[in-house]
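Tertiary structure, described
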Amino acid sequence: MGMVVAFLMTGAVACDNESGSVEGSCISVSEDGTISDCIRESFDKDYYDQQELQTQVLQAVANYNSRVGEERISVERVQINGNVTDVKMEFRSYQDYADFNREIFFIGTPLEAQAAGFDLNQVYVGAEDDSKTMGEAELLASTGVKVLITNTDQTIQLYDKILYVSDYVQVGAKSRSFQIVKDENNQISKEVCVIFKE
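The structure contained in this document is the topic of the report that follows. (Residues numbered from 1 in each chain as written. Predicted model: local features only at pLDDT ≥ 70, side-chain atom pairs only at ≥ 80, totals over all residues. Heavy atoms only, no water.)

Side chains that carry opposite charge are capable of pairing whenever their charged atoms lie near each other. Enumeration over the complete set of coordinates arrives at seven salt bridges. Arg72 is the partner of Glu70 in a salt bridge, and the nearest nitrogen-oxygen pair spans 3.9 Å. On the basis of relative accessibility, which here comes to 39%, the residue Glu70 falls in the partly exposed class. Its relative accessible area of 18% is what places Arg72 among the buried residues. For Glu70, the salt bridge goes to Arg92, with nearest N and O atoms at 3.2 Å. With Glu70 in the loop between helix H1 (50-68) and strand S5 (73-81) and Arg92 in the loop between strand S6 (84-91) and helix H2 (94-101), this pair connects stretches of sequence that are 22 residues apart. It is possible to trace a salt-bridge network through shared partners that takes in Glu70, Arg72, Arg92 and Asp96. (Salt bridge = Lys/Arg side-chain N within 4 Å of Asp/Glu carboxyl O. Buried < 20%, exposed > 50% of the residue type's maximum accessible area, 1.4 Å probe, protein only. Helix = DSSP H or I, 4+ residues; strand = E, 2+ residues; numbered from the N terminus.)

This part covers the sheet that holds strand S10 (residues 145-150). Taken together, six strands build an open sheet; the order of strands is S7-S10-S15-S12-S8-S9 and the sheet is antiparallel. Sheet topology places strand S7 (105-108) and strand S9 (133-134) at the edges, where each strand pairs with a single neighbour. (Pairing = 2+ DSSP bridges.)

For the coordinates displayed, the defined rule picks out seven aromatic pairs. Considering the side-chain rings of Phe91 and Tyr97, the 5.2 Å spacing of their centres and the 75° angle between planes classify their relative orientation as edge-to-face. Across the pair, Tyr97 and Phe91 agree in class, each one buried. Ring plane angle 70° and centroid distance 5.3 Å describe the contact between Tyr94 and Phe106, whose orientation is recorded as edge-to-face. Taken together, the residues Tyr94 in helix H2 and Phe106 in strand S7 connect sequence positions 12 residues apart. By relative accessible area, Phe106 is classed as buried at 8%. Taken together, Tyr64, Phe91, Tyr97, Phe100 and Phe105 form an aromatic cluster joined through their ring pairs. (Phe/Tyr/Trp six-rings, centres within 6.5 Å; stacked < 30°, edge-to-face > 60°.)

Here we take up the side chain of Arg40. Relative to the assigned elements, Arg40 resides in strand S4 (residues 35-42). The class for Arg40 is buried, based on a relative accessible area of 14%.

Okay, the sheet that holds S5 next. Overall, mixed pairing links the seven strands, which are arranged S5-S6-S4-S3-S11-S14-S13 in an open sheet. Two strands bound the open sheet, and with one partner strand each, they are S5 and strand S13 (169-171). Neighbour to neighbour, the strand axes of the sheet diverge by 20° on average, direction disregarded. Judged from the eight bridges that link them, S5 and S6 form a sheet pairing that is antiparallel. Residue pairing across strands places Val75 opposite Met89, the latter belonging to S6. Against the sheet, H1 contacts S5 and S6, and its axis sits at roughly 170° relative to S5. (Axes fitted to C-alpha atoms, helices over the stretch in contact; angles between N-to-C directions. Contact = heavy atoms within 4.5 Å.)

Now for the environment of Lys132. If you trace the backbone, Lys132 turns up in the loop between strand S8 (124-126) and S9. Sequence separation of Lys132 and Leu163 is 31 residues, and the distance between their C-alpha atoms is 10.0 Å. Discounting residues that sit within four places of it in the chain, Lys132 has contacts with Tyr124, Val125, Gly126 and Tyr164.

Another point: the pairing of S10. Of all six residues making up S10, five are buried, and the element is well covered by its neighbours. Relative to S10, S7 is paired through four bridges, and the arrangement is antiparallel. Its bridge partner lying in S10, Phe106 is registered against Ile149.

Spelled out as structure tokens, the structure:
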């Protein structure tokens, strides 16, 4: 769970962006490598008020930018509409998202993922046809694809089509979004790998 999401109470409302509407909080990955995190959750006014939430979010982002020596994260909005909190943040790279939220979040080519130490040795199934499969050797030899490896519990929207996925991935409409399927204890047991068009 991301740092800012941890400030909020869990809910399920629409997160609208250019790719459509997704229930709950969502992360959008752009082709230029930037990450947009749209957090819309039920808000307990007895726990935080809007000013306190704004202060928490802005201070956390300021601390991160100060630590890395440049503005890598920007806050687009922090507001409360009724009992729903609406927070939007922009990250300049997947590394910034991962570091700030203390989650696994990697985007790169299969060879870059392997070099970063991720285990790609598994069977991947087609996002639109689960009779199609791909193994590690085929993945590493593939061109024109990227992998996204994560353990976030948010819905993720991609700029291009999802081709293959590892276990515990639920692919959304038009194969442009996905979410991790939690285990019987409502936990995410390990990171997942999603292969999509570059």
